[in-house]
Amino acid sequence: MWSVLSGVLLASVLGSLHCAGMCGGIVVVVAGDSGAANFAYNFGRLVSYMLVGAIAGYFGVMLDLGGDAVGISHMAIVTAGVVMLGYGTLQLLRVAGMQITLPSVPGMSKMYGASFAKVQHRGPITRAFLVGILTALLPCGWLYLFAINAATTQDPLAGALIMIFFWM
């Protein structure tokens, strides 16, 4: 497990420029230069990422049980591999110039926008914490890649641990 966790941490560090570019503006708007608000925002992210990891780990358990029922072992790992290969192929096709749009969950951006609007009138620390929690709802392939990795653990606690290392 430590090799997986160290790999997650290393990949997260290497991808941190992506995260800074995508969420940096959110942090500036929500936390500014307040250390307490910045802590609250990142603690909110930690809570939501752990929840995503635990749910993914549990989903991995369900995938394996379903796969075992039909005679396919290690269904969570197989599914994760197929999803990752598919996502990588789509990215390569985009780099090659193809216009590819992935389907979105209906109403997700509206729900995120409405949730953000509801928390903007809270105090600065509470607002930062709640916006941190809401970051798990953002359409982020980097986040979902690690959530898929968490599903392959087939264990909610191990899934949450993977997402803690992603958060770090």
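Anything mentioned here points back to the structure above.
Fair warning: this is a prediction, and the values are worked out from it, not measured in the lab.

Criteria and thresholds
Residues numbered from 1 in each chain as written. Predicted model: local features only at pLDDT ≥ 70, side-chain atom pairs only at ≥ 80, totals over all residues. Heavy atoms only, no water. Helix = DSSP H or I, 4+ residues; strand = E, 2+ residues; numbered from the N terminus. Rg over C-alpha atoms; globule rule 2.2 N^0.38 Å. Buried < 20%, exposed > 50% of the residue type's maximum accessible area, 1.4 Å probe, protein only. Contact = heavy atoms within 4.5 Å. Phe/Tyr/Trp six-rings, centres within 6.5 Å; stacked < 30°, edge-to-face > 60°. Axes fitted to C-alpha atoms, helices over the stretch in contact; angles between N-to-C directions. Parallel < 35°, antiparallel > 145°, perpendicular 65-115°, else oblique. Left-handed = near helix turned anticlockwise from the far one by under 90°. Nonpolar A, V, L, I, M, F, W, Y, C, P; charged D, E, K, R; others polar. Lys, Arg positive; Asp, Glu negative; His and termini not counted. Salt bridge = Lys/Arg side-chain N within 4 Å of Asp/Glu carboxyl O. Polar contact = N/O pair within 3.5 Å; in protein donor to acceptor, adjacent residues only side chain to side chain. Expected span 1.5 Å × (residues − 1).

**Quick word on the overall build of the chain**
What the chain contains, in helices and strands, is eight helices and zero strands. Going residue by residue from the N terminus, the α and β elements of the chain occur as α-α-α-α-α-α-α-α. By the compact-globule yardstick of 15 Å for 168 residues, the chain fits well, its C-alpha radius of gyration being 17 Å. On the principal axes, the C-alpha backbone points of the chain span a range of 55 × 40 × 30 Å. Within the chain, buried positions represent 29% of all 168 residues. Put simply, 70% of the contacts in the chain that link residues at least 6 apart link residues at least 24 apart.

**Regarding the packing of aromatic side chains**
Using the criterion set out here, one finds five aromatic pairs in the structure. Judged by centre distance (6.0 Å) and plane angle (25 degrees), the ring pair of Phe43 and Phe129 falls under stacked. In this pair, Phe43 sits in helix 3 (residues 35–69) while Phe129 sits in helix 6 (residues 124–134), placing the two residues 86 residues apart along the sequence. For the pair Trp142 and Phe146, a centre-to-centre distance of 5.3 Å together with 80 degrees between the ring planes defines the contact as edge-to-face. In this pair, Trp142 and Phe146 both sit in helix 7 (residues 141–151), four residues apart, roughly one turn of the helix. By the ring-pair criterion, three or more aromatic residues cluster together here, those being Tyr49, Trp142, Phe146 and Phe166.

**Notes on unusual backbone geometry**
Backbone geometry at His74 places phi at a positive 60 degrees, although glycine is not the residue there. Tracing the backbone shows His74 in the loop between helix 3 and helix 4 (75–95). The residue Gln154 is not glycine, and still its phi comes out positive at about 55 degrees. By secondary structure assignment, the location of Gln154 is in the loop between helix 7 and helix 8 (156–167).

**Some words on the packing of helix 3 against helix 6**
In contact at an axis separation of 6 Å, helix 3 and helix 6 are set at 30 degrees when each is read in the N-to-C sense. Of the possible angle classes, the one that applies to helix 3 and helix 6 is roughly parallel. As for the relative orientation of helix 3 and helix 6, their crossing is right-handed in sense. Contacts between helix 3 and helix 6 involve Ala36, Ala37, Ala40, Tyr41, Phe43, Gly44, Arg45, Val47 and Ser48 from the former and Pro124, Ile125, Ala128, Phe129, Val131, Gly132 and Ile133 from the latter. Tallied by class, residues from the contact of helix 3 with helix 6 come to 12 nonpolar, three polar and one charged.

**Focus on the side chain of Asp64**
You can see Asp64 is positioned in helix 3. Of the buried charged residues, Asp64 lacks a salt bridge, with Arg94 as the closest side chain of opposite charge at 27 Å. Only 2.8 Å separates the side chain of Asp64 from the backbone nitrogen of Ala76, close enough to count as a polar contact. Each residue touching Asp64, except ones within four places of it in the same chain, is listed here: His74, Met75, Ala76 and Gln154.

**Overview of the environment of Val119**
Of note, Val119 is situated in helix 5 (residues 108–119). Note on Val119: relative accessible area 9%, which makes it buried. As for Val119 and Gln154, which are separated by 35 residues in sequence, their C-alpha atoms are 34 Å apart.

**Here we look at helix 4**
Since one α-helical turn is 3.6 residues long, residues separated by three or four positions face the same way. In this model, helix 4 (21 residues) spans 30 Å end to end at C-alpha, consistent with the 30 Å of a helix rising 1.5 Å per residue. Positive phi appears at Gly97, one or two residues downstream of helix 4, with a value of about 105 degrees.

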